[in-house]
Amino acid sequence: MDIATLSLFLPACFALNMAPGPNNLLSVSNATRYGYRRACVAGIGRLLAFAGMIALAAAGLAVVLQTSELLFYGIKIVGAGYLLYLAWQLWRANPAAEDAIAAPANGLLALARQEFLVAAGNPKAILIFTAFLPQFVDPTHAITPQFMLLGALFLLLEWIAISAYAYMGLHMRRWFAEPRGKRIFNRCCAGLLSAAASVLLMAKRT
(Lines give C-alpha, C1' and ligand atoms only; values in the text may rest on other atoms or scores of the structure.)
Protein backbone atom coordinates (compact mmCIF):
# COMPACT_ATOMS: atom_id res chain seq x y z
CA MET A 1 0.00 0.00 0.00
CA ASP A 2 1.22 3.51 -0.75
CA ILE A 3 2.29 5.94 1.97
CA ALA A 4 -0.42 8.48 1.07
CA THR A 5 -3.18 5.96 1.76
CA LEU A 6 -1.64 4.89 5.05
CA SER A 7 -1.16 8.52 6.13
CA LEU A 8 -4.92 8.98 5.77
CA PHE A 9 -5.87 5.65 7.31
CA LEU A 10 -3.75 5.71 10.47
CA PRO A 11 -5.08 8.92 12.11
CA ALA A 12 -8.68 8.16 11.13
CA CYS A 13 -8.39 4.62 12.46
CA PHE A 14 -6.73 5.73 15.69
CA ALA A 15 -9.58 8.18 16.29
CA LEU A 16 -12.02 5.26 16.06
CA ASN A 17 -9.90 3.17 18.42
CA MET A 18 -9.67 5.92 21.02
CA ALA A 19 -13.34 6.91 20.89
CA PRO A 20 -15.13 6.12 24.18
CA GLY A 21 -17.15 2.95 23.88
CA PRO A 22 -18.23 -0.18 25.78
CA ASN A 23 -14.89 -2.00 25.46
CA ASN A 24 -12.77 1.03 26.35
CA LEU A 25 -15.02 1.59 29.33
CA LEU A 26 -14.36 -2.02 30.37
CA SER A 27 -10.61 -1.38 30.21
CA VAL A 28 -11.01 1.55 32.58
CA SER A 29 -13.22 -0.42 34.93
CA ASN A 30 -11.01 -3.54 34.89
CA ALA A 31 -7.84 -1.54 35.58
CA THR A 32 -9.58 0.28 38.41
CA ARG A 33 -10.73 -2.96 40.01
CA TYR A 34 -8.03 -5.49 39.08
CA GLY A 35 -4.94 -3.56 38.00
CA TYR A 36 -3.22 -2.37 34.83
CA ARG A 37 -1.71 -5.70 33.77
CA ARG A 38 -4.96 -7.64 34.07
CA ALA A 39 -6.87 -5.01 32.12
CA CYS A 40 -4.31 -5.12 29.31
CA VAL A 41 -4.24 -8.94 29.20
CA ALA A 42 -8.04 -9.04 29.24
CA GLY A 43 -7.97 -6.83 26.14
CA ILE A 44 -6.68 -9.84 24.20
CA GLY A 45 -10.28 -11.08 24.22
CA ARG A 46 -11.34 -7.92 22.41
CA LEU A 47 -8.53 -8.27 19.87
CA LEU A 48 -9.56 -11.87 19.15
CA ALA A 49 -13.15 -10.78 18.55
CA PHE A 50 -12.05 -7.98 16.24
CA ALA A 51 -9.63 -10.29 14.40
CA GLY A 52 -12.48 -12.71 13.77
CA MET A 53 -14.67 -9.88 12.49
CA ILE A 54 -11.91 -8.70 10.16
CA ALA A 55 -11.50 -12.23 8.76
CA LEU A 56 -15.26 -12.59 8.28
CA ALA A 57 -15.52 -9.18 6.65
CA ALA A 58 -12.68 -10.06 4.30
CA ALA A 59 -14.53 -13.29 3.43
CA GLY A 60 -17.63 -11.38 2.40
CA LEU A 61 -19.82 -11.29 5.51
CA ALA A 62 -20.44 -7.64 4.75
CA VAL A 63 -22.91 -8.61 2.06
CA VAL A 64 -24.79 -10.88 4.48
CA LEU A 65 -25.06 -8.29 7.23
CA GLN A 66 -26.11 -5.56 4.83
CA THR A 67 -28.85 -7.72 3.32
CA SER A 68 -30.05 -9.65 6.39
CA GLU A 69 -32.02 -7.41 8.71
CA LEU A 70 -32.83 -10.34 11.01
CA LEU A 71 -29.14 -11.19 11.56
CA PHE A 72 -28.21 -7.58 12.22
CA TYR A 73 -30.94 -7.05 14.81
CA GLY A 74 -30.19 -10.40 16.40
CA ILE A 75 -26.58 -9.36 17.02
CA LYS A 76 -27.73 -5.98 18.24
CA ILE A 77 -30.24 -7.33 20.79
CA VAL A 78 -27.81 -9.92 22.20
CA GLY A 79 -25.05 -7.32 22.48
CA ALA A 80 -27.28 -4.76 24.18
CA GLY A 81 -28.60 -7.39 26.57
CA TYR A 82 -25.09 -8.36 27.61
CA LEU A 83 -24.15 -4.72 28.24
CA LEU A 84 -27.22 -4.31 30.46
CA TYR A 85 -26.21 -7.46 32.35
CA LEU A 86 -22.73 -6.01 32.97
CA ALA A 87 -24.29 -2.73 34.07
CA TRP A 88 -26.50 -4.56 36.57
CA GLN A 89 -23.49 -6.48 37.93
CA LEU A 90 -21.51 -3.26 38.40
CA TRP A 91 -24.45 -1.50 40.05
CA ARG A 92 -24.88 -4.31 42.59
CA ALA A 93 -21.12 -4.86 43.18
CA ASN A 94 -19.96 -4.73 46.78
CA PRO A 95 -16.80 -2.53 46.81
CA ALA A 96 -15.75 -3.83 50.22
CA ALA A 97 -15.64 -7.39 48.88
CA GLU A 98 -13.81 -6.63 45.64
CA ASP A 99 -10.35 -6.94 47.16
CA ALA A 100 -11.26 -10.42 48.43
CA ILE A 101 -12.04 -11.69 44.93
CA ALA A 102 -9.26 -14.14 44.12
CA ALA A 103 -8.92 -16.65 41.26
CA PRO A 104 -5.99 -15.08 39.43
CA ALA A 105 -6.12 -17.55 36.51
CA ASN A 106 -9.87 -17.87 36.18
CA GLY A 107 -10.20 -14.14 36.72
CA LEU A 108 -8.06 -13.33 33.69
CA LEU A 109 -10.01 -15.75 31.51
CA ALA A 110 -13.29 -14.33 32.74
CA LEU A 111 -12.20 -10.75 32.01
CA ALA A 112 -10.92 -11.72 28.55
CA ARG A 113 -14.19 -13.51 27.82
CA GLN A 114 -16.08 -10.43 28.96
CA GLU A 115 -14.09 -8.23 26.56
CA PHE A 116 -14.67 -10.74 23.76
CA LEU A 117 -18.43 -10.90 24.25
CA VAL A 118 -18.84 -7.12 24.45
CA ALA A 119 -16.83 -6.66 21.23
CA ALA A 120 -18.55 -9.53 19.41
CA GLY A 121 -22.00 -8.32 20.46
CA ASN A 122 -21.59 -4.86 18.96
CA PRO A 123 -22.76 -4.71 15.32
CA LYS A 124 -21.16 -1.29 14.95
CA ALA A 125 -17.76 -3.01 15.17
CA ILE A 126 -18.42 -5.29 12.19
CA LEU A 127 -19.81 -2.31 10.30
CA ILE A 128 -16.49 -0.51 10.86
CA PHE A 129 -14.70 -3.40 9.18
CA THR A 130 -17.21 -3.62 6.34
CA ALA A 131 -17.67 0.09 5.67
CA PHE A 132 -14.57 1.90 6.94
CA LEU A 133 -11.63 -0.34 6.03
CA PRO A 134 -12.68 -1.00 2.41
CA GLN A 135 -12.47 2.74 1.69
CA PHE A 136 -8.66 2.44 1.84
CA VAL A 137 -8.40 -0.62 -0.42
CA ASP A 138 -7.11 -0.14 -3.96
CA PRO A 139 -9.31 -2.32 -6.23
CA THR A 140 -6.58 -2.40 -8.90
CA HIS A 141 -4.41 -4.56 -6.63
CA ALA A 142 -5.01 -7.77 -4.67
CA ILE A 143 -7.77 -6.93 -2.19
CA THR A 144 -7.32 -9.57 0.53
CA PRO A 145 -3.68 -8.72 1.42
CA GLN A 146 -4.57 -5.03 1.64
CA PHE A 147 -7.58 -5.74 3.82
CA MET A 148 -5.58 -7.94 6.16
CA LEU A 149 -2.82 -5.31 6.44
CA LEU A 150 -5.38 -2.66 7.34
CA GLY A 151 -6.91 -5.07 9.84
CA ALA A 152 -3.52 -5.75 11.44
CA LEU A 153 -2.89 -2.00 11.78
CA PHE A 154 -6.35 -1.59 13.31
CA LEU A 155 -5.57 -4.26 15.92
CA LEU A 156 -2.23 -2.64 16.73
CA LEU A 157 -3.88 0.73 17.30
CA GLU A 158 -6.63 -0.97 19.31
CA TRP A 159 -3.96 -2.44 21.60
CA ILE A 160 -2.58 1.06 22.15
CA ALA A 161 -6.10 2.24 23.03
CA ILE A 162 -6.50 -0.66 25.49
CA SER A 163 -3.24 0.31 27.20
CA ALA A 164 -4.18 3.99 27.31
CA TYR A 165 -7.61 3.41 28.83
CA ALA A 166 -6.21 0.86 31.30
CA TYR A 167 -3.57 3.41 32.35
CA MET A 168 -6.37 5.91 32.91
CA GLY A 169 -8.16 3.35 35.05
CA LEU A 170 -4.99 2.65 37.04
CA HIS A 171 -4.84 6.27 38.17
CA MET A 172 -8.56 6.29 38.86
CA ARG A 173 -7.98 3.36 41.22
CA ARG A 174 -5.67 5.55 43.25
CA TRP A 175 -8.26 8.32 43.33
CA PHE A 176 -11.11 6.00 44.29
CA ALA A 177 -9.34 4.06 47.03
CA GLU A 178 -12.28 4.14 49.47
CA PRO A 179 -15.32 1.82 49.15
CA ARG A 180 -17.61 4.82 48.74
CA GLY A 181 -15.52 6.07 45.80
CA LYS A 182 -15.51 2.61 44.25
CA ARG A 183 -19.28 2.41 44.56
CA ILE A 184 -19.72 5.77 42.87
CA PHE A 185 -17.34 4.78 40.07
CA ASN A 186 -19.00 1.38 39.57
CA ARG A 187 -22.41 3.00 39.32
CA CYS A 188 -21.12 5.65 36.90
CA CYS A 189 -19.73 2.84 34.74
CA ALA A 190 -23.05 1.00 35.04
CA GLY A 191 -24.87 4.11 33.83
CA LEU A 192 -22.50 4.53 30.88
CA LEU A 193 -22.84 0.86 29.94
CA SER A 194 -26.61 1.19 30.06
CA ALA A 195 -26.38 4.25 27.83
CA ALA A 196 -24.16 2.31 25.42
CA ALA A 197 -26.74 -0.49 25.36
CA SER A 198 -29.47 2.04 24.56
CA VAL A 199 -27.42 3.49 21.69
CA LEU A 200 -26.78 -0.03 20.46
CA LEU A 201 -30.49 -0.82 20.43
CA MET A 202 -31.19 2.31 18.38
CA ALA A 203 -28.47 1.52 15.83
CA LYS A 204 -29.75 1.12 12.30
CA ARG A 205 -28.29 -0.69 9.37
CA THR A 206 -26.42 1.49 6.88
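You'll find the structure just up there.
Each value, and the rule that gives it
- Residues numbered from 1 in each chain as written.
- Predicted model: local features only at pLDDT ≥ 70, side-chain atom pairs only at ≥ 80, totals over all residues.
- Heavy atoms only, no water.
- Helix = DSSP H or I, 4+ residues; strand = E, 2+ residues; numbered from the N terminus.
- Buried < 20%, exposed > 50% of the residue type's maximum accessible area, 1.4 Å probe, protein only.
- Contact = heavy atoms within 4.5 Å.
- Areas by Shrake-Rupley, 256 points an atom, 1.4 Å probe, with all protein chains shown as cover.
- Salt bridge = Lys/Arg side-chain N within 4 Å of Asp/Glu carboxyl O.
- Phe/Tyr/Trp six-rings, centres within 6.5 Å; stacked < 30°, edge-to-face > 60°.
- Patch = residues over 30% accessible without salt bridge, like charges linked within 9 Å, V, L, I, M, F, W, Y side chains within 5 Å.
- Core = buried A, V, L, I, M, F, W, Y, C linked by side-chain atoms within 4.5 Å.
- Expected span 1.5 Å × (residues − 1).

A. Layout of the overall build of the chain. Assigned secondary structure in the chain consists of ten helices and zero strands. Shown N-terminal to C-terminal, the secondary structure of the chain runs as helices and strands in the order α-α-α-α-α-α-α-α-α-α. When the 206 residues of the chain are sorted by exposure, 44% land in the buried category. Within the chain, residue pairs in contact and separated by at least 24 positions form 88% of the contacts whose partners lie at least 6 positions apart. When the accessible surface of the chain is summed, it comes to about 10,700 Å², and 70% of that surface belongs to carbon and sulfur atoms.

B. A look at the pattern of salt bridges. Under the counting rule described, the total for this entry stands at two salt bridges. Salt bridges sharing common partners tie together R46, E115 and E158.

C. Representation of the packing of aromatic side chains in the model. Under the counting rule described, the total for this entry stands at two aromatic pairs. Centroid distance Y36 to Y167: 6.5 Å. Interplanar angle 90°. Geometry classified as edge-to-face. Here the residue Y36 occupies a position in helix α3 (residues 36-58), and Y167 occupies one in helix α9 (residues 143-175), the gap between them amounting to 131 residues. Residue Y167 is classed as partly exposed on the basis of its relative accessible area of 47%. Between F50 and F154, the aromatic rings sit 5.8 Å apart at their centres with planes inclined by 70°, giving edge-to-face as the arrangement. Linking F50 in helix α3 with F154 in helix α9, this pair joins segments that are 104 residues apart in sequence.

D. Here's a closer look at a nonpolar patch on the surface. A cluster of nonpolar side chains, contributed by I44, L48, F116, L117 and W159, occupies part of the molecular surface with about 430 Å² of accessible area. Looking at the nonpolar patch, the elements that each hand over two or more residues are α3 and α7 (104-120). Within the secondary structure layout, W159 lies in helix α9. Take W159: its relative accessible area is 31%, and that puts it in the partly exposed class.

E. Representation of the nonpolar core. Core analysis: the biggest nonpolar cluster contains 21 residues, and F9, F50, F129 and L133 have the highest contact counts within it. Elements that contribute at least two residues to this core include exactly α1 (3-18), α3, α8 (123-132) and α9. If near-sequence neighbours (up to four positions away) are discounted, F9 is found in contact with F132, L133, F136, L150 and L153. Membership of the second largest hydrophobic core comes to 13 residues, among which are L86, V118, C189 and A190.

F. Spotlight on helix α2 (residues 22-34). The terminal C-alpha atoms of α2, which comprises 13 residues, lie 18 Å apart, in line with the 18 Å expected from a rise of 1.5 Å per residue. Counting buried positions along α2 gives eleven out of 13 residues, so the element sits mostly inside the fold. Residues of α2 that are buried: P22, N23, N24, L25, L26, S27, V28, S29, N30, A31 and T32. Just downstream of α2 lies G35, where phi reads positive at about 110°.

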